[in-house]
Amino acid sequence: MDLRDFYLLAALIACLRLDSAIAQELIYTIREELPENVPIGNIPKDLNISHINAATGTSTSLVYRLVSKAGDAPLVKVSSTTGEIFTTSNRIDREKLCAGASYAEENECFFELEVVILPNDFFRLIKIKIIVKDTNDNAPMFPSPVINISIPENTLINSRFPIPSATDPDIGFNGVQHYELLNGQSVFGLDIVETPEGEKWPQLIVQQNLDREQKDTYVMKIKVEDGGTPQKSSTAILQVTVSDVNDNRPVFKESQVEVHIPENAPVGTSVIQLHATDADVGSNAEIRYIFGAQVAPATKRLFALNNTTGLITVQRSLDREETAIHKVTVLASDGSSTPARATVTINVTDVNDNPPNIDLRYIISPINGTVYLSEKDPVNTKIALITVSDKDTDVNGKVICFIEREVPFHLKAVYDNQYLLETSSLLDYEGTKEFSFKIVASDSGKPSLNQTALVRVKLEDENDNPPIFSQPVIELSVSENNRRGLYLTTISATDEDSGKNADIVYQLGPNASFFDLDRKTGVLTASRVFDREEQERFIFTVTARDNGTPPLQSQAAVIVSVLDENDNSPKFTHNHFQFFVSENLPKYSTVGVITVTDADAGENKAVTLSILNDNENFVLDPYSGVIKSNVSFDREQQSSYTFDVKAIDGGQPPRSSTAKVTINVMDVNDNSPVVIYPPSNTSFKLVPLSAIPGSVVAEVFAVDIDTGMNAELKYTIVSGNNKGLFRIDPVTGNITLEEKPALTDVGLHRLVVNISDLGYPKSLHTLVLVFLYVNDTAGNASYIYDLIRRTMETPLDRNIGDSSQPYQNEDYLTIMIAIVAGAMVVIVVIFVTVLVRCRHASRFKAAQRSKQGAEWMSPNQENKQNKKKKRKKRKSPKSSLLNFVTIEESKPDDAVHEPINGTISLPAELEEQSIGRFDWGTAPPTTFKPNSPDLAKHYKSASPQSAFHLKPDTPVSVKKHHVIQELPLDNTFVGGCDTLSKRSSTSSDHFSASECSSQGGFKTKGPLHTRQMLHPSEDPLLYNIFVAKLPTRQ
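Residues numbered from 1 in each chain as written. Predicted model: local features only at pLDDT ≥ 70, side-chain atom pairs only at ≥ 80, totals over all residues. Heavy atoms only, no water.

1. Describing unusual backbone geometry
With omega at -5°, the peptide bond leading from Thr229 into Pro230 counts as cis. For Pro230, the position within the fold is in the loop between β13 (217-226) and β14 (233-243). In this chain, Lys446 is followed by Pro447 through a cis amide linkage whose omega measures -5°. Among the secondary structure elements, Pro447 is positioned in the loop between β30 (434-443) and β31 (450-460). Non-glycine residue Asn584 carries a positive phi angle of around 70°. (Helix = DSSP H or I, 4+ residues; strand = E, 2+ residues; numbered from the N terminus.)

This is the structure we're talking about:
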């Protein structure tokens, strides 16, 4: 099977399938000769077509279009909006419309037309058949206005002679219905014979004998009428000639003959040989053959009749498609008045001599034979209605239709012989702008005949392609400090559309104020001078827009990188750098960082640093800017260093700048407060009972050789003021009386005063003992000093007035013991008396009284025990020395600093004290006159001087800070928070830098300074005393 046979088979199958969804039929019946604008039908109403889109529910405007050939005069018209069908000014003439058709009433006269419903989403093809009913608009007519008939004179009465029948183009009752003989003179009558085909043939009846010698000619009228309303008629002159006698008339062997002849029979081909006989002899037996009056002229032109032989031959080429059947009436006459009649029916048989016909009627009106489609038209856009036909019959008339080559169009069968030409895919103007193809119609005859119709389709460009940039991202480089108007690049985009749809204009997007762009050429120039240090990259968009409707556009990103030039000098972050370092900072430590920037890039910003004017005290890293010390700092020797630093970049030519650097040496809190007053820890002040509240009863004064906040001191009473009798000013150190002393306050009071500085991050402090003797007079100073000596055995966190330490007055103790002893004697006497008197009392009461007596005696027993303990304690060796107060560094897991107990013990040789004045020439470290007792010098190994050992490049790590100075023991006690803080001062000073913990310890803000602990190997006796005084840690 070749390609052509495949197309034929496919088209044949398509022809057999009807798409009922888009093809529908309507039949209307009208009468001919209707005036214009007479309604025939309503397509949407008759087909029940809805204007509502089932998918969206919205109303859609449908368009109804009559499909007709260009130049045709349409017989009907269709309203494009309502779908109503009306008649036009072109009158519908049934006789003209169906000329040549049979006049039988059952044969309908009709014409067909096609209407399409648009748009494509609602497309339907409506085939409309309009049947035209006959109207009596034609009168019956005889073949000739004068009819001549020859009748022999010897004709018998009631003999009948045929009269040529009249014809009427109308049919049915509107056709020939009645004949009437006018002025028959009673000689002739009229009879009507109806043939099987329904034709009415008039016959003239002889009613009287004829005599040629009397009258040889009769002239009459014959009238013919139709049955229409109104009735129409016509007349003809009937002239009868009475001829001489001829006894016999010719007779045909067959009066009805039917023959078949192919339509391609050549001229001269014999159709049939007619044969008639006559019983007469001589001239009366000579027969002449002629066509009857009813034979159509067209038939006489096609066939020839031999007058003598009766042979009918083909005179011209036959065409079955024009006339398939020819009825020929042949008369055989011997010269008499009554010829013989034979009817010959010639059937022209079909041969495949007609190619198929293609009737191409465009749905989209063509312009100069070309259909214009938009490339945006959807698939299945209807272009034309194609009707194929073949005048041949049977196999020769079966036609298939197809498109000759592969194009984006196809034929869709809607009826047996009708196709819709529509698009089969989306059209692309940019791909193919014009199509020219043939539609082929081929019949099934042997050989097959073809017919083609050329279809030209041109696409109209739609703006369906946006401009396209050759590069989606355009990257440029330009040096800074350029000139204005500098050419950068040409931006180009292309558009596959044509015409104005391809005209492109360019436009800059936002952030492109530094640039100009030619709208037509796309030339990009610099509108300003670039400074890379202000902006090193510009990113903006360029829009390409065409002139289509609506316009389409696309964008490209433009990246302009500004190249650096060495137009900026290095810039220090400060013109004058000042750094602050702590004294005692080890050598080669980092003291600061010089920061310098260069706004340029690359080698232009590579900066190298150097020191200009320094005596090698510092080392500067040329790249990082780190300054390290080449000396050890001592604020007391030199408090600041100043030098210049130069920065130079790597550009060509290089640029440079300078800055000043100052290194300030800051003080470190490495000195504890030094007590100036009171001059010793064994001196005391007399507080008379007459002193009024608010009066200054004593003062504490200390100094700190540090500076700033490290030298700011604060005074706090941390123990010995449990009654709140005294108050110390936290700033001045003045101790004032809070309330007037009472008799119960008489005696020695020991105040433990903490003196702390406000150093950061670690505060250092010193403890001092202030003894106040409350009494009117202090006549026995030795007695007071003895009391002071004995208080040294009392831990600093305990009040010397506690019952366990009866150090106020031994006389009072003796008196109390005597009173208790006397009371005991009295009780014994009373008890004996009661026993005598109550001899007969129950033993139970005696036991109860005995128990009560035991209770009266128990306090004195305890007092005696306490007294024994006191005396036993006082027998401690007089060589006992003061336990140094120390502060241990807090353990890492200790959230609260552990309390440290401090105790003071004085040996016997220190009982005699003298109060001297402060000698400024000898302080520090010794702040008292030479004759003051100095316990520390006896145990110098236990309290070494402060010493700092720093290694190069190693930060100072203060693990233990010695806060004990080599001072007289009877003057100053130094250390951290200890157990004496449990007896917190009643001072209202809220600036205190330390406070006591819940365990009774004294804690400072931040880590505490530490001292070396006393080791057993240095002094076992002193170590044991010290450990004995320490409270148990929680």
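2. Thoughts on the pattern of salt bridges
Applying the stated criterion across every chain yields a total of 16 salt bridges. A salt bridge links Glu112 to Lys127, with the shortest nitrogen-to-oxygen separation between them at 3.8 Å. Taken together, the residues Glu112 in strand β6 (residues 109-118) and Lys127 in strand β7 (residues 124-133) connect sequence positions 15 residues apart. By relative accessible area, which is 42% here, Glu112 ends up partly exposed. For Lys127, a relative accessible area of 10% gives the class buried. (Salt bridge = Lys/Arg side-chain N within 4 Å of Asp/Glu carboxyl O. Buried < 20%, exposed > 50% of the residue type's maximum accessible area, 1.4 Å probe, protein only.)

3. A short note on the sheet that holds strand β9 (residues 160-162)
Spatially, the three strands line up as an open sheet ordered β9-β12-β11, and their pairing is antiparallel. Looking along the sheet, the strands with just one partner apiece sit at the ends: β9 and β11 (188-194). Taking the axes of each pair of neighbouring strands and ignoring which way they run, one obtains an average angle of 35° across the sheet. Bridge count for β9 against strand β12 (residues 200-206) is three bridges, and the pairing is antiparallel. Among the inter-strand pairings, Phe161 is bridged to a residue of β12, identified as Leu204. (Pairing = 2+ DSSP bridges. Axes fitted to C-alpha atoms, helices over the stretch in contact; angles between N-to-C directions.)

4. Section: the packing of aromatic side chains
Applying the stated criterion to the full structure yields 18 aromatic pairs. Note on Phe618 and Tyr641: the rings are 5.4 Å apart at their centroids and 80° apart in plane angle, and the pair reads as edge-to-face. In this pair, Phe618 sits in strand β46 (residues 618-620) while Tyr641 sits in strand β48 (residues 640-648), placing the two residues 23 residues apart along the sequence. Given a relative accessible area of 5%, Phe618 falls into the buried group. Taking relative accessible area as the criterion, Tyr641 reaches 10% and is therefore assigned buried. By the ring-pair criterion, three or more aromatic residues cluster together here, those being Phe514, Phe515, Phe530, Phe538 and Phe540. Across from the ring centre of Phe110, 4.3 Å away, lies the NZ or CZ of Lys129, which sits over that ring. Directly above the ring of Trp201 sits Arg341, whose terminal nitrogen or CZ lies 5.3 Å from the centroid. (Phe/Tyr/Trp six-rings, centres within 6.5 Å; stacked < 30°, edge-to-face > 60°. Lys NZ or Arg CZ within 6 Å of the ring centre and 35° of its normal.)

5. Notes on the sheet that holds strand β52 (residues 696-699)
Sheet architecture is open: three strands sit in the order β52-β56-β55, paired in antiparallel fashion. Taken across any chain shown, the strands that pair with only one partner, and hence form the sheet edges, are β52 and β55 (726-728). Across the sheet, the mean angle separating the axes of adjacent strands is 25° when strand polarity is ignored. The pairing of β55 with strand β56 (residues 734-737) spans three bridges and is antiparallel.

6. Structural notes on the environment of Ile130
Structurally, Ile130 is set in strand β7. Relative accessible area serves as the criterion here: at 0%, Ile130 is assigned to the buried category. Sequence-wise, Ile130 and Arg31 are 99 residues apart; in three dimensions their C-alpha atoms are separated by 9.8 Å. Leaving out residues up to four positions away in the same chain, Ile130 has contacts with Tyr28, Ile30, Ile40, Val76, Cys109, Phe110, Phe111 and Leu113. (Contact = heavy atoms within 4.5 Å.)

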